[in-house]
Amino acid sequence: MKASDIMSAFVATVPAAATIIEAARIMLDHGVSGLPVVNDEGRLVGMITEGDLFRRYEIGTEANPSLRSTGAEPNSEIGRQFIKSQGEHVADVMTRDVV
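Cut-offs used in this document
- Residues numbered from 1 in each chain as written.
- Predicted model: local features only at pLDDT ≥ 70, side-chain atom pairs only at ≥ 80, totals over all residues.
- Heavy atoms only, no water.
- Helix = DSSP H or I, 4+ residues; strand = E, 2+ residues; numbered from the N terminus.
- Buried < 20%, exposed > 50% of the residue type's maximum accessible area, 1.4 Å probe, protein only.
- Contact = heavy atoms within 4.5 Å.
- Areas by Shrake-Rupley, 256 points an atom, 1.4 Å probe, with all protein chains shown as cover.
- pLDDT = per-residue confidence, 0-100.
- 1 Å grid on protein atoms, 1.4 Å probe; cavity = no way out; pocket = protein on both sides within 12 Å on 5 of 7 lines; lining within 4 Å.
- Points joined across faces, edges and corners; volume = space filled by probe spheres on them.
- Nonpolar A, V, L, I, M, F, W, Y, C, P; charged D, E, K, R; others polar.
- Pairing = 2+ DSSP bridges.

1. Let's talk about the overall build of the chain
So, step 1. When helices and strands are counted, the chain shows 4 helices and 3 strands.
So, step 2. In the chain, which comprises 99 residues, the proportion classed as buried is 26%.
So, step 3. Residue pairs in contact within the chain that sit at least 24 positions apart in sequence constitute 47% of those at least 6 positions apart.
So, step 4. Accessible surface, the chain: about 6,900 Å² in total, of which carbon and sulfur atoms supply 55%.

Spelled out as structure tokens, the structure:
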């Protein structure tokens, strides 16, 4: 079996500047659990999946609710967890450096 035997010819994508809500809507509309994230030129810059949306403060599933009061630096591990659980845009939660 080849990848071409099971792959989708049409791939829904989402811009990095889109909101989390927009990305979730695209996933639901297309019946997929993940989307390639593209920049303004259409180049791949990341991937967003259902898993990226699981640890969210809005639904009470953030990994560490106490992060809200830490004042952690954005580049620290705690800071990245905070941004991932509270960010509003795809760029805040997507996985970068995909192949």
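Read on for the rest.
2. Observations concerning the environment of L35
So, step 1. Tracing the backbone shows L35 in strand 2 (residues 34-38).
So, step 2. For the pair formed by L35 and V11, sequence separation is 24 residues and the distance between their alpha carbons is 8.1 Å.
So, step 3. In this structure L35 touches A12, V14, A23, I26, M27, G46, M47 and I48, once residues within four positions along its chain are discounted.

3. Some remarks on the confidence of the model for the chain
So, step 1. For the chain, the average pLDDT comes to 80, and 67% of its residues sit at 70 or higher.
So, step 2. Within the chain, strand 1 (residues 14-15) carries the highest mean pLDDT (97), whereas helix 3 (residues 77-86) carries the lowest (62).

4. Notes on the layout of surface pockets
So, step 1. Estimates place the volume of the second largest pocket at around 200 Å³.
So, step 2. Surrounding the second largest pocket, S8, F10, V11, A12, H30, V32, G34, L35, P36 and M47 form its lining.
So, step 3. Among the elements that take part in the lining of the second largest pocket, strand 2 stands out by supplying 3 residues, more than any other.
So, step 4. Among the residues making up the lining of the second largest pocket, the classes are represented as 7 nonpolar, 3 polar and no charged.

5. Brief notes about the sheet that holds strand 2
So, step 1. Spatially, 3 strands are ordered 1-2-3 in an open sheet, and the strand pairing comes out mixed. Taken across any chain shown, the strands that pair with only one partner, and hence form the sheet edges, are strand 1 and strand 3 (44-49).
So, step 2. Direction of pairing for strand 2 relative to strand 3: antiparallel, over a ladder of 5 bridges. Across the sheet, the residue bridging to V38 is L44, located in strand 3.

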